[in-house]
Amino acid sequence: MNTRMKFPNSYRGRFAPSPTGPLHFGSIVAAVGSFLQAKSRGGEWLVRMEDIDPPRVVPGAADDILRTLETFGLYWDGTVMYQSRRHGVYEAAMNMLERLDAIYPCACSRREIADSSVSGVDGPVYPGTCRGGLTEGRAPRAWRVRVSGRAIEFVDAVQGRMVRDLAADFGDFVVRRADGFFAYQLAVVVDDAEQGISEVVRGADLIESTPRQMHLQNLLGLPTPDYLHLPVALSKQSEKLSKQTLATAADIARPVPMLYQVLRFLGQDPPPMLADSNLDDFWRWAVAHWNVGRVPRVTGVVVETPSGGSV
């Protein structure tokens, strides 16, 4: 079980896109769901650029994302956080984990891990090859955090109760990659704590990250937010709509029709006339009528057209 230190009662949510291309229907779903969850509670909604993986970052994409959010009426509170500017903070977290003897260097390549591991819920389960120290002549590549065979449990506001055995389901996982960059799991935990995020609202494709992030929160003495994982938008081939699957960019010339379809995707029941409204009227209705209990309790929903046509 997880001993959860909680945040203060004031609500603070966030949207954390990776600037690897323009926003599309799937990413607008995450933005709208997190925005409505925050604003319907009178809370703050922050934006964080998860640009911690430089090889994947597309020049100009971060600015394009921010312009799209503004065009869609998704105005954020405070200053945008950029992970690429926070290496010192992540280094401090790594130093703390090292003092706790919670991490160790790993020399294994991806091929070696694939050849000696079993499949877990989110990829290969690391078999612990380097847990007892590096074999003579092997140079460290990544750094991994130790996990135990204890259960991590949480109740997601949409997906329900989830229990994971860290050792059996994931194994010791990476917190610093072989290329020297900090891993997503570590950066997200540190950033959510610093920004005071009280509830993480994101796509269900990231739900398996939650137990690992809760483990790091426990080790670092950080509060654990609540979690809400929205269904992700899927193509007819049941692939997640993403930049990699060539999802169509959001149409900034006509934001309301796509926003209307996003509401329908999220199980809300907007009146047909809302599709032809202006942005102010749209958001006034959406915030007032947001009902998280209507969100489909599934991890993915197929959409007909990611560009904003009929869903």
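As shown above, the structure is provided for reference.
Residues numbered from 1 in each chain as written. Predicted model: local features only at pLDDT ≥ 70, side-chain atom pairs only at ≥ 80, totals over all residues. Heavy atoms only, no water.

Draft legend 1. Structural detail: the sheet that holds strand β2 (residues 44–49). An order of β1-β2-β3 is seen for the 3 strands of this open sheet, with the pairing classed as parallel. Each edge of the open sheet carries a strand with a single partner, namely β1 (12–15) and β3 (81–82). Of the strand pairs in this sheet, β2 and β3 are connected by 2 bridges, and their pairing is parallel. Across the sheet, the residue bridging to Arg48 is Met81, located in β3. The sheet contacts of helix α2 (residues 61–71) involve β1, β2 and β3, and relative to β2 the element is tilted by about 160°. Strand contacts of helix α6 (residues 184–194): β1, β2 and β3, with the helix running at about 145° to β2, the strand carrying the most contacts. (Pairing = 2+ DSSP bridges. Helix = DSSP H or I, 4+ residues; strand = E, 2+ residues; numbered from the N terminus. Contact = heavy atoms within 4.5 Å. Axes fitted to C-alpha atoms, helices over the stretch in contact; angles between N-to-C directions.)

Draft legend 2. View of the pairing of β1. Summarising the sheet, β1 and β2 pair through 4 bridges and their orientation is parallel. Counterpart to Phe15 in the pairing with β2 is Val47. Where the polypeptide runs from β1 across helix α1 (residues 25–39) and back to β2, its parallel neighbour, the crossover connection is right-handed. (Right-handed = clockwise from strand over helix to strand, strands pointing away.)

Draft legend 3. How the structure looks around the packing of aromatic side chains. Under the criterion given, the structure shown has 7 aromatic pairs. Cluster of aromatic residues (ring-pair linked, three or more members): Phe15, Phe35, Trp45, Phe282 and Trp283. For Arg85, the ring lying beneath its charged end belongs to Tyr82, and the centroid distance is 4.1 Å. Lying across the ring of Tyr126, Arg144 places its NZ or CZ 3.8 Å from the centre. (Phe/Tyr/Trp six-rings, centres within 6.5 Å; stacked < 30°, edge-to-face > 60°. Lys NZ or Arg CZ within 6 Å of the ring centre and 35° of its normal.)

Draft legend 4. The packing of α6 against helix α7 (residues 209–220), seen in detail. It is the contact of α6 with α7, at a shortest axis distance of 9 Å, that shows an interaxial angle of 60°. By the angle between their axes, α6 is oblique relative to α7. Between α6 and α7 the crossing geometry is right-handed. Of the residues in α7, those in contact with Tyr184, Gln185, Leu186, Val188 and Val189 of α6 are Ser209, Arg212, Gln213, Leu216, Gln217 and Leu220. Among the residues making up the contact of α6 with α7, the classes are represented as 6 nonpolar, 4 polar and 1 charged. (Parallel < 35°, antiparallel > 145°, perpendicular 65-115°, else oblique. Left-handed = near helix turned anticlockwise from the far one by under 90°. Nonpolar A, V, L, I, M, F, W, Y, C, P; charged D, E, K, R; others polar.)

Draft legend 5. Highlighting the pattern of salt bridges. Counted according to the given criterion, the structure contains 19 salt bridges. Linking Asp191 and Arg48 is a salt bridge whose minimum nitrogen-to-oxygen distance equals 3.8 Å. Of the two residues, Asp191 sits in helix α6 while Arg48 sits in strand β2, which places them 143 residues apart along the sequence. The same class applies to Asp191 and to Arg48, which are both buried. Between Glu112 and Arg138 there is a salt bridge, with its nearest N and O atoms 3.1 Å apart. Residue Glu112 is found in helix α4 (residues 110–116), and its partner Arg138 is found in the loop between β6 (123–125) and β7 (142–145); the two are separated by 26 residues along the sequence. Several salt bridges share partner residues, and in doing so they unite Arg14, Arg48, Glu50, Arg86, Asp191, Asp192 and Glu194 into one network. (Salt bridge = Lys/Arg side-chain N within 4 Å of Asp/Glu carboxyl O. Buried < 20%, exposed > 50% of the residue type's maximum accessible area, 1.4 Å probe, protein only.)

Draft legend 6. Representation of α2. Every buried residue of α2 is accounted for by Ala61, Ala62, Ile65, Leu66, Thr68 and Leu69. One side of α2 carries all its buried residues, which in axial view fall inside an arc of 160°. Structurally, α2 contributes buried residues whose contacts are with β1, α1, β2 and β3. Gly73, located one to two residues past α2, shows a positive phi value of around 75°. (Arc of directions from axis to C-beta.)

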